[in-house]
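Chain by chain, the residues run as shown.
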Amino acid sequence: MKLLVTGGAGYIGSVVAAQLVEAGHQVTVLDDLSTGHADAVPAGARFVEGSVTEAADVLPGMDGVLHFAAKSLVGESVEKPGRYWAHNLGGTLALLDAMRSAEVGRIVFSSTAATYGEPERSPILETDPTRPANPYGASKLAVDTALSTFAGLYGLAAVSLRYFNVGGAYTGEDGRVYRERHTVETHLIPNVLAVALGGRDSVSVFGTDYPTSDGTCVRDYIHVADLARAHLLALDACSAGEHKIYNLGNGTGFSVQEVLSVCREVTGHEIPAVMCERRAGDPAVLVASAEKIQRELGWKPEHPSVRDIVADAWAALPR
């Protein structure tokens, strides 16, 4: 298939683009490089530098879209909500209109567990209430609503994948290594590994009094290679007139302290930690039920251990 990957120069988008190329698809990456990196675009993909609002120029002849282009910093979304509504919802609406004009009827959307907000139970099901606690999650949920509308009105074939915590690195068949390298890093594992590399003095642990086994937050971690593979399955699962939603997670939670312990073991470094007060809006436990995507698409994580995720992320870092 001929496929457009928006945001394909970013961490997750580049891994998906690499796996698509390896599967024999003709891939075009559209990215404005505001947070992505041109050298992350797979060698076998065509690269077009530009905004998702300019997708109309590259959509003709495409068979489908995998949509990653978005703003994704929770804290920034609270400070600048207009930017998140404009980019995440406004950009996607422009993309959907361009897809209609070009008669491209298939899309896989990069959604998020932030659409659920504070969950009522764990593990979280796709049918559980969506109550996002920040503009980032709200803007992603609004896109899900738009996809349902376009599917019902225009026959769009859409799949939304709601990620939990993504980590690790991917080595392509060409030997290229795809890894996290955000300018502003908010994810736990890369921040912990930065301490081991000497780039930071310590890592902050926000909250030690949660109702969990060791008092720290529990999160669901998924390897980026497993996550990317789910997108290829979702592409084949798209059905005209339907908008399907799947959680993507490991189904097992790991506390901040457990992740710290694994990072210390993998790196051989002490990794000092500073205990801090809770952050507002941080749920105690966020774990996905991935039973639906396992049942319907046959997907399951091949790297379920958080140690695999940390080890691959550590090995990929430049020394």
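Everything below is about the structure printed above this text.
All residue numbers refer to positions counted from 1 along the written sequence of the respective chain. Two thresholds apply to this predicted model, a pLDDT of at least 70 for residue-level local features and 80 or more for giving and counting side-chain atom pairs, whereas whole-chain, interface and lining totals are computed over all residues. Excluded from the side-chain calculation are hydrogens and water; included are all heavy atoms of the structure.

A. A look at the overall build of the chain. By the criteria applied, helices consist of DSSP H or I runs no shorter than four residues and strands consist of E runs no shorter than two, each listed in order from the N terminus. Helix and strand counts for the chain stand at nine helices and 15 strands. Against the 2.2 N^0.38 benchmark of 20 Å for 319 residues, the chain shows a C-alpha radius of gyration of 19 Å, consistent with a compact globule. Contacts are assigned to residue pairs with any non-hydrogen atoms lying within 4.5 Å of each other. Once local pairs closer than 6 in sequence are excluded, the contacts in the chain between residues at least 24 apart make up 77%. Using the Shrake-Rupley algorithm and a 1.4 Å probe, accessible areas are obtained, with residue cover drawn only from the displayed protein chains. A total of about 13500 Å² of accessible surface is found on the chain, and carbon and sulfur atoms cover 48% of it. Positive charge is attributed to Lys and Arg, negative charge to Asp and Glu, and no charge count is given to His or to the chain ends. Charged groups are reduced to one reference atom each: NZ for lysine, CZ for arginine, CG for aspartic acid, CD for glutamic acid. Taking the average location of the 26 positive side-chain charges in the chain and that of its 38 negative ones, the two points are 1 Å from each other. Using C-alpha atoms as the atom set, the radius of gyration is obtained and then compared with a globule rule of 2.2 Å times the number of residues to the power 0.38.

B. Local environment of empty space enclosed by the protein. The definitions used throughout rest on a 1 Å grid laid over the protein atoms alone, on which a cavity is an enclosed set of points accommodating a 1.4 Å probe that cannot get out and a pocket is an open set flanked by protein within 12 Å on both sides along at least five of seven lines; lining residues are those having an atom within 4 Å of a point. Grid points are joined across faces, edges and corners, and a volume is the space filled by probe spheres set on the points. Applying the stated criterion to the full structure yields one cavity of 30 Å³ or more. Space inside the largest cavity adds up to approximately 50 Å³. Every residue lining the largest cavity is listed: Y116, E118, P119, E120, R121, I124, D128, P129 and R131. Considered class by class, the residues forming the lining of the largest cavity number four nonpolar, no polar and five charged. Each residue gets one label: Ala, Val, Leu, Ile, Met, Phe, Trp, Tyr, Cys and Pro are nonpolar, Asp, Glu, Lys and Arg are charged, and the others, such as Gly, are polar.

C. Main features of a negative patch on the surface. Taken together, the side chains of D32, E49, E54 and D57 make up a negatively charged region of the molecular surface. Structurally, E49 is set in strand β3 (residues 46–49). Patch membership requires over 30% relative accessible area and the absence of a salt bridge. Like charges are linked within 9 Å, and nonpolar side chains (Val, Leu, Ile, Met, Phe, Trp, Tyr) within 5 Å. We define a salt bridge as a contact between a side-chain nitrogen of Lys or Arg and a carboxyl oxygen of Asp or Glu at a distance within 4 Å.

D. Region of interest: the layout of surface pockets. Reported here for the second largest pocket is a volume of approximately 250 Å³. Considering the residues around the second largest pocket, the lining is formed by 15 residues, among which R179, E180, E185, P190 and L317 are closest to the centre. Here the lining of the second largest pocket takes five residues from helix α5 (residues 188–196), the largest share from any one element. Split into classes, the residues belonging to the lining of the second largest pocket amount to seven nonpolar, three polar and five charged.

E. Structural context of helix α1 (residues 11–22). By this rule the span expected of a helix is its residue count minus one, scaled by 1.5 Å. Its twelve residues give α1 an end-to-end C-alpha distance of 17 Å, which sits within 8% of 16 Å, the value for a rise of 1.5 Å per residue. For α1, the buried fraction is high: ten of the twelve residues fall into the buried class. Just beyond α1, the residue with positive phi is G24, at close to 95°. The buried label goes to any residue with under 20% of its type's maximum accessible area, the exposed label to any with over 50%, and the partly exposed label to all in between, with areas taken from a 1.4 Å probe on protein chains only.

F. Representation of the side chain of K244 within the structure. Of note, K244 is situated in strand β12 (residues 243–248). Here K244 occupies a buried position and makes no salt bridge, while the nearest side chain of opposite charge, E242, is found at 4.3 Å. Those residues within four positions of K244 in sequence are excluded, and the remaining contacts are A158, V159, S160, A237 and S239.

G. The arrangement of the side chain of D128 in detail. Structurally, the position occupied by D128 is in the loop between β5 (106–112) and α4 (135–154). The exposure class assigned to D128 is buried, which follows from its relative accessible area of 14%. Between N or O atoms, a polar contact is any pair within 3.5 Å; within protein, one atom must be a potential hydrogen donor and the other a potential acceptor, and residues adjacent in sequence are included only when both atoms are from side chains. Among the polar contacts listed, one links the side chain of D128 to the side chain of R121, at a separation of 2.7 Å. Only 3.0 Å separates the side chain of D128 from the backbone nitrogen of L125, close enough to count as a polar contact.

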